[in-house]
Amino acid sequence: MADRTRPPKPEATSPSKIKRDKPKRRTAEPAGPASRIGLTRREALPERPNFLDSRRGVPSMAEAGEWLRARGIEDVECITPDLAGVARGKMMPAKKFTGNTSLALPSALFMHTISGEYPDETGEFRYSPNDGDLKLVPDLSTLSAVPWESDPTAQVICDLVDTAGEAVAYTPRNVLKRVVALYHERGWTPIVAPEIEFYLVSKNVDPDYPLTPPIGRSGRQISGGQAYSIGGVNEFDELIDDIYHFSDAQGLEIDTLIHEDGAAQLEINLRHGDPIELADQVFMFKRTIREAALKHDIYATFMAKPIQGQPGSALHIHQSVVDRKTGQNVFSEKDGSPSPLFFHFLGGMQRYVPAALVMMAPYVNSYRRLTHGMSAPTNNAWGYDNRTTAFRVPTSDASSRRVENRLPSSDTNPYLALAASLACGWLGLVNAVQPDQPTDRTVNEDGVISLPRGLLEAVAAFEAEDAFHEVFSREFVATYAGIKRGEHETFMQVISPWEREFLLLNV
C-alpha cells in the first residue's frame, strides 16, 4: 500500500541564460523547440520545473508563488475544517498569500453549533476568556486549483496553532494528527480507505417539505432499489463528468463510483493511503460534489438519513496497520494467518467504538440511520465478509487484511471519524483487548440496538471514557461534548411534523 506521491523537487541547477548575439549557422539537426527559436541545443531554454505541472501540492512557498503565477491565479482560499467539517477561513490575493501575511481566526469559531449558535458552558466545556486568535498555517502539500470558480482561484488547507506556535488540540486536523502520531510512536503506520455515500435531491428551499429525488436525463425521478445500476449512474452522466473533471483538476483520485440502493444515492470509493491525506480528500470531495450538483441545479447532501423510508448514507472506513520499518501488514503473520495484533485491533473497536460513536454519528439525524432493518449496523459485532456487523473483515489476501468500520455516517467530519476509529483500534492494540467470536448470522434485523440510541446518550458515553481524555486530549473532549449538548438543545426547540400529525388532535 503506497502513500500519495509527493511533488518532485525542482532542479538544483540554475536556469541557463539565453544568449543575445546572432545565432550560429544551423547544422542538420532535427527541428525542435530550440532550433525553432534560433537557439542551439546548448543554448536551449531551461526545462519547465516539474512542480509547475503538479495538480496538488508544492514543496515550499517559493514554489507556490511560481505555481500560482504560472496559472494566473488571482485569489487563494485559505481554509480549515471546523468541528462540523465545514470549510472556514479567509480569501486573499495571491500576492499577499506568498508575502508572508499572517492569517488568524477567532477561537470561538471552533466552539459553535452547526446552526451557528454558541452553546452554554456545561461540564468541562469553557470558552476562551478573551476569544483569542488562532493562526492559520498553510499545508502546501494541499495547494490546488478551485475548478468551479469563474476567476482563477486556488485553495489550501491550513492547520491551526496558538500564539505560541503550538497545535490547537481541539481542532479536527490536529486531533487526527495526534492519533496518527500515537501509531508512529509504536513503529506503526495506519492505512485507511474511505467510502462516501451521498444523495442527489431536488432543490429544496423550504425545510418544512420532504426531500425528493431529482429528475434524471430520462425526465423521470429515479426510484430506489438501483444498487450497482449502471443505468442509475447514467441518469446523471453530465453531473458525474463534472465531478470527475473537478476532482482531476484538484489532484483528487476516485477509485470507483457506484449507484447505491437509495433513490439517486451514489457512493465514491477512494484509494487507500495516509489518514490525514485521505481526510483532506474527503473534506475536498464534499465541497466538490456539492459544487458540481449546484451547477446542475440540484443538491448533493451528506445527511445520514435525508429521505424517510430510504437507506441512510455512510462513511465506511477500511483500516489496516503496517510496520514502519518493513512495510508489512501487522494484521498478518508470515504464513498468512491473522496475527494477535489483528484480533487486538478488533477488540479495541468492539470495546471503545460505542463510546466514540458521537464522533462518527454527530447529529440527531445520524441516529435515524442506525435502526434495525435499514441495512445499517445496530451493534458492535464483527464477522468475516458480514455486512450486517459493525466491523466487517472483507475477503482479501494476507497483505490486504483489514477491518471495515461500517458505523460512521456520511454527515461526520472525516478528520474526527478517522481519528475516532483509529484511536479505538490503537487502544485495542496497546492494551491487548480480545474481541468476542465472529458472527455469520444477520445481526441488524433483530430489533436489538447495542449502541447509544441518541445524541445525548452518545455524548455521555464519550465523556465517561477516561482513555479518550489522553488519546484525543481533555480539551477536545470537553469542547466537542459541550457543542453536541448545545446542538441537542437547539433541536429540542423545533416541533416536528410527527408531533403535529399524531399529537395535535389526539392528546
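Here the structure is shown first, and the text comes after it.
A. Fine view of the overall build of the chain. Within the chain, the secondary structure is distributed over 13 helices and 14 strands. Taking 2.2 N^0.38 as the reference for a compact globule, 507 residues should give roughly 23 Å; the C-alpha atoms of the chain span a radius of gyration of 25 Å, in line with that estimate. Considering only residue pairs separated by 6 or more positions, the chain has 72% of its internal contacts joining residues 24 or more positions apart. A total of about 24400 Å² of accessible surface is found on the chain, and carbon and sulfur atoms cover 50% of it. Computed over 54 positive and 67 negative side-chain charges, the separation of the two mean positions in the chain equals 9 Å.

B. Region of interest: the pairing of strand β4 (residues 133-138). Pairing analysis gives three bridges linking strand β3 (residues 104-106) to β4, with the strands arranged antiparallel. Counted as the bridge partner of Ala104 is Lys135 from β4. Direction of pairing for β4 relative to strand β6 (residues 153-161): antiparallel, over a ladder of four bridges. Within β6, the position partnered with Pro138 by the bridge is Cys158.

C. Spatial organisation of the pattern of salt bridges. Using the criterion set out here, one finds 19 salt bridges in the structure. The partner of Asp242 in a salt bridge is Lys295, and the shortest N-O contact between them spans 3.3 Å. Residue Asp242 is located in helix α6 (residues 237-249), and its partner Lys295 is located in helix α7 (residues 275-295); the two are separated by 53 residues in the primary sequence. According to the relative accessible area criterion, Asp242 is buried, its value standing at 10%. Owing to a relative accessible area of 54%, Lys295 belongs among the exposed residues under this scheme. The partner of Arg406 in a salt bridge is Glu404, and the shortest N-O contact between them spans 3.1 Å. This pair shows no difference in class: Arg406 is buried, exactly as Glu404 is. One salt-bridge network, held together by shared partners, links Asp139, Asp159, Arg173, Lys177 and Asp280.

D. Up close: the environment of Asp133. Checked against the element boundaries, Asp133 lands in strand β4. Taking the C-alpha atoms as reference, Asp133 lies 41 Å from Pro377; in sequence the two are 244 residues apart. For Asp133, the residues in contact, after removing those within four places along its chain, are Ala104, Leu105, Pro106 and Thr163.

E. A look at the nonpolar core. Ranked by internal contacts, the top residues of the largest apolar core, which has 125 residues, are Met359, Phe468, Phe472 and Phe476. A total of twelve residues in this core trace back to one element, the largest contributor, which is helix α10 (residues 414-431).

F. View of α10. The end-to-end C-alpha separation of α10 is 26 Å, in line with the 26 Å expected for 18 residues at 1.5 Å each. In terms of residue burial, α10 counts as a mostly covered element, since 16 of its 18 residues are buried. Backbone nitrogen of Tyr415 and a side-chain oxygen of the N-cap are separated by 3.0 Å at the start of α10; the cap is Asn413. Just beyond α10, the residue with positive phi is Ala432, at close to 50°.

G. Summary view of the side chain of Arg485. Of note, Arg485 is situated in helix α12 (residues 466-491). Residue classification places Arg485 among the buried residues on the basis of a relative accessible area of 18%. A distance of 2.7 Å separates polar atoms of two side chains, one belonging to Arg485 and the other to Glu463. In contact with Arg485, other than residues within four places in its own chain, are Thr122, Gly123, Leu456, Val459 and Glu463.

H. Molecular detail of unusual backbone geometry. In the Ramachandran plot, Ala432 falls in the positive-phi region, its phi being about 50° despite a non-glycine side chain. Within the chain, Ser473 stands out as a residue other than glycine whose phi angle is a positive 100°. Considering the arrangement of structural elements, one finds Ser473 in helix α12. Its relative accessible area of 6% is what places Ser473 among the buried residues.

What counts, and where the lines are drawn
Residues numbered from 1 in each chain as written. Predicted model: local features only at pLDDT ≥ 70, side-chain atom pairs only at ≥ 80, totals over all residues. Heavy atoms only, no water. Helix = DSSP H or I, 4+ residues; strand = E, 2+ residues; numbered from the N terminus. Rg over C-alpha atoms; globule rule 2.2 N^0.38 Å. Contact = heavy atoms within 4.5 Å. Areas by Shrake-Rupley, 256 points an atom, 1.4 Å probe, with all protein chains shown as cover. Lys, Arg positive; Asp, Glu negative; His and termini not counted. Charge placed at Lys NZ, Arg CZ, Asp CG, Glu CD. Pairing = 2+ DSSP bridges. Salt bridge = Lys/Arg side-chain N within 4 Å of Asp/Glu carboxyl O. Buried < 20%, exposed > 50% of the residue type's maximum accessible area, 1.4 Å probe, protein only. Core = buried A, V, L, I, M, F, W, Y, C linked by side-chain atoms within 4.5 Å. Expected span 1.5 Å × (residues − 1). Polar contact = N/O pair within 3.5 Å; in protein donor to acceptor, adjacent residues only side chain to side chain.

Worth remembering: the numbers are spatial, not functional.
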